[in-house]
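A closer look at the structure
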Amino acid sequence: QVQLVESGGDLVQPGGSLRLSCAASGSIFSMYAMGWYRQAPGKERDLVATISSGSGGSTNYADSVKGRFTISRDNAKNTVYLQMNNLKPEDTAVYYCNARLATAWGTTRDYWGQGTQVTVSS
């Protein structure tokens, strides 16, 4: 089991930047693929970005954030980050941290943080 706590959400003006952090505890952080998802009011929870397990893992981004957002991880600190630049009002959502463990028996297990609110508005 891994526990996830997000932080860094805030009110920011369009064009501004934020860095979200997700601190993990309770398990071996480097074994988990990590991701960020977001959910706007009245919308489904959607993938924002993922990064594979281990060090120097591959990343994947939703088309809507490519070139603006960067996901990274610091395994020594058990933390995953989402650097968000050039924020748009449509980025407003609750952002959730996700940890995914691939088991030896061919299944995956997902763990979620409580979410952090990002509001992009003038």
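Definitions and limits used
Residues numbered from 1 in each chain as written. Predicted model: local features only at pLDDT ≥ 70, side-chain atom pairs only at ≥ 80, totals over all residues. Heavy atoms only, no water. Helix = DSSP H or I, 4+ residues; strand = E, 2+ residues; numbered from the N terminus. Rg over C-alpha atoms; globule rule 2.2 N^0.38 Å. Buried < 20%, exposed > 50% of the residue type's maximum accessible area, 1.4 Å probe, protein only. Contact = heavy atoms within 4.5 Å. Areas by Shrake-Rupley, 256 points an atom, 1.4 Å probe, with all protein chains shown as cover. Lys, Arg positive; Asp, Glu negative; His and termini not counted. Charge placed at Lys NZ, Arg CZ, Asp CG, Glu CD. Pairing = 2+ DSSP bridges. Salt bridge = Lys/Arg side-chain N within 4 Å of Asp/Glu carboxyl O.

Things to note about the overall build of the protein chain
- Helix and strand content of the protein chain: zero helices and eleven strands.
- Secondary structure elements of the protein chain, listed N to C terminal, follow the sequence β-β-β-β-β-β-β-β-β-β-β.
- Rg of the C-alpha trace for the protein chain: 14 Å, near the compact-globule value of 14 Å for 122 residues, within the 12% margin.
- Summarising its shape, the C-alpha atoms of the protein chain cover approximately 50 × 30 × 25 Å along the three principal directions.
- Residues counted as buried form 41% of the 122 residues belonging to the protein chain.
- In the protein chain, of all internal contacts separated by at least 6 residues, the share reaching a separation of at least 24 is 54%.
- Working note: accessible area of the protein chain is about 6400 Å², and carbon and sulfur atoms make up 48% of it.
- Of the charged side chains in the protein chain, 11 are positive and 9 negative, and the gap between their average positions amounts to 4 Å.

Re the pairing of strand E4 (residues 33-39)
- Here E4 lies mainly inside the structure; five of its seven residues are buried.
- Across seven bridges, E4 lies against strand E9 (residues 93-102) in antiparallel orientation. Among the inter-strand pairings, tryptophan 36 is bridged to a residue of E9, identified as cysteine 97.
- The pairing of E4 with strand E5 (residues 46-51) spans five bridges and is classified as antiparallel. The residue of E5 that forms the bridge with tryptophan 36 is alanine 49.
- Counting the residues between successive antiparallel strands, the hairpin from E4 to E5 contains six residues, one of them, glycine 42, with a positive phi of roughly 75 degrees.

Let's talk about the pattern of salt bridges
- In the structure shown here, the tally under the stated rule is four salt bridges.
- Here arginine 38 makes a salt bridge to aspartate 91, at a shortest N to O gap of 2.9 Å. Here aspartate 91 lies in the loop between strand E8 (79-84) and E9 and arginine 38 lies in strand E4, a separation of 53 residues in the sequence. For the pair arginine 38 and aspartate 91, a shared accessibility class is recorded, and that class is buried.
- Among the salt bridges present, the one from arginine 100 reaches aspartate 110, with a minimum N-O distance of 2.8 Å. Here the residue arginine 100 occupies a position in strand E9, and aspartate 110 occupies one in strand E10 (residues 108-112), the gap between them amounting to ten residues.
- You can call arginine 100 partly exposed: its relative accessible area is 34%.

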